[in-house]
Amino acid sequence: AAVGHYPEFEQGLVGLGRVLVAQGSPDLALPHLEKAASLDPEDDVAYFHLWQAHRALGNAEEEKRALAEFQRLRTQKREEERMAPIVRGSDRRVWRRGG
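Residues numbered from 1 in each chain as written. Predicted model: local features only at pLDDT ≥ 70, side-chain atom pairs only at ≥ 80, totals over all residues. Heavy atoms only, no water.

Novice: Can you help me understand the overall build of the protein chain in this one?
Specialist: Counting secondary structure elements, the protein chain contains 5 helices and 2 strands. Listing every helix and strand of the protein chain by position from the N terminus yields α-α-α-α-α-β-β. Counted over contacts in the protein chain with a minimum sequence separation of 6, partners at least 24 positions apart contribute 37%. (Helix = DSSP H or I, 4+ residues; strand = E, 2+ residues; numbered from the N terminus. Contact = heavy atoms within 4.5 Å.)

Novice: Help me understand helix 3 (residues 26-39), please; the structure alone is not making it clear to me.
Specialist: Given 3.6 residues to a turn, an α-helix orients residues that are three or four positions apart in the same direction. Its 14 residues give helix 3 an end-to-end C-alpha distance of 20 Å, which sits within 8% of 20 Å, the value for a rise of 1.5 Å per residue. As for helix 3, its buried residues are in contact with helix 2 (10-22) and helix 4 (44-57). (Expected span 1.5 Å × (residues − 1).)

Novice: What am I meant to see in the pattern of salt bridges here?
Specialist: Pairs can form between side chains of opposite charge whenever their charged atoms are close. What the rule picks out here adds up to 6 salt bridges. R82 is the partner of E79 in a salt bridge, and the nearest nitrogen-oxygen pair spans 2.8 Å. Residue E79 and its partner R82 are both found in helix 5 (residues 60-83); the two are separated by 3 residues, about one turn of the helix. For R82, a relative accessible area of 29% gives the class partly exposed. One network of salt bridges, in which partners are shared, links D44, R74 and K77. (Salt bridge = Lys/Arg side-chain N within 4 Å of Asp/Glu carboxyl O. Buried < 20%, exposed > 50% of the residue type's maximum accessible area, 1.4 Å probe, protein only.)

Novice: What is the right way to look at the nonpolar core in this model?
Specialist: The nonpolar side chains of soluble globular proteins are, as a tendency, buried together. Residues L33, Y47 and L50 are the most contacted members of the largest nonpolar core, which totals 18 residues. Those elements that provide at least two residues to this core are helix 2, helix 3, helix 4 and helix 5. Excluding residues within four positions of it along the chain, Y47 makes contact with A37, P41, A66, E69, F70 and L73. (Core = buried A, V, L, I, M, F, W, Y, C linked by side-chain atoms within 4.5 Å.)

Novice: Looking at this model, I keep getting lost on the packing of aromatic side chains. Mind explaining?
Specialist: Taken as a whole and judged by the stated rule, the model has 2 aromatic pairs. Pairwise contacts between aromatic rings join F48, W51 and F70 into one cluster. A cation sits over an aromatic face here: R55 above W51, 4.7 Å from the ring centre. (Phe/Tyr/Trp six-rings, centres within 6.5 Å; stacked < 30°, edge-to-face > 60°. Lys NZ or Arg CZ within 6 Å of the ring centre and 35° of its normal.)

Novice: Honestly, the side chain of H54 in this entry has me stumped. Any pointers?
Specialist: Relative to the assigned elements, H54 resides in helix 4. In this structure H54 comes out as buried when scored by relative accessible area, which is 5%. In this structure H54 touches L30, E34, N59, E62 and E63, once residues within four positions along its chain are discounted.

Novice: What's the story with the environment of Q71 in this structure? I'm lost.
Specialist: Structurally, Q71 is set in helix 5. You can call Q71 partly exposed: its relative accessible area is 44%. Placed 24 residues apart in sequence, Q71 and Y47 show a C-alpha to C-alpha distance of 8.9 Å.

Novice: Help me out: how do you make sense of the packing of helix 2 against helix 4 in this one?
Specialist: Pairs of packed helices are described in terms of their axes, by the angle between the two and the distance that separates them. Running from N to C, helix 2 and helix 4 point in directions that differ by 25°, and their axes come no closer than 10 Å. When the axes of helix 2 and helix 4 are compared, the pair comes out roughly parallel. Here helix 2 and helix 4 pass one another in a crossing that is left-handed. Of the residues in helix 4, those in contact with E10, V14, R18 and V21 of helix 2 are V45, A46, H49, Q52 and A53. (Axes fitted to C-alpha atoms, helices over the stretch in contact; angles between N-to-C directions. Parallel < 35°, antiparallel > 145°, perpendicular 65-115°, else oblique. Left-handed = near helix turned anticlockwise from the far one by under 90°.)

Honestly, that's just the spatial picture; any functional story needs more than this.
In structure tokens, the structure reads:
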């Protein structure tokens, strides 16, 4: 597995955690997802799967924290995408309008 060879591979940790939750082993998924979130605290996907793992385990407080962080990061990411410039031609920039 990629995580065995590259233990700091954040996306691999998220993927492993996601699979473990889907297979009914959220307790085994937690350490991988927590490590992934610590490696990239801006990864909303890591927090989404961390939320799912805590929900499956009945960890209400941790579930709330992970969900809140996922929602904050997702909102931030959407706002950044909404405001991202669209590059047209070689040097013209047009700002994307809301929506």
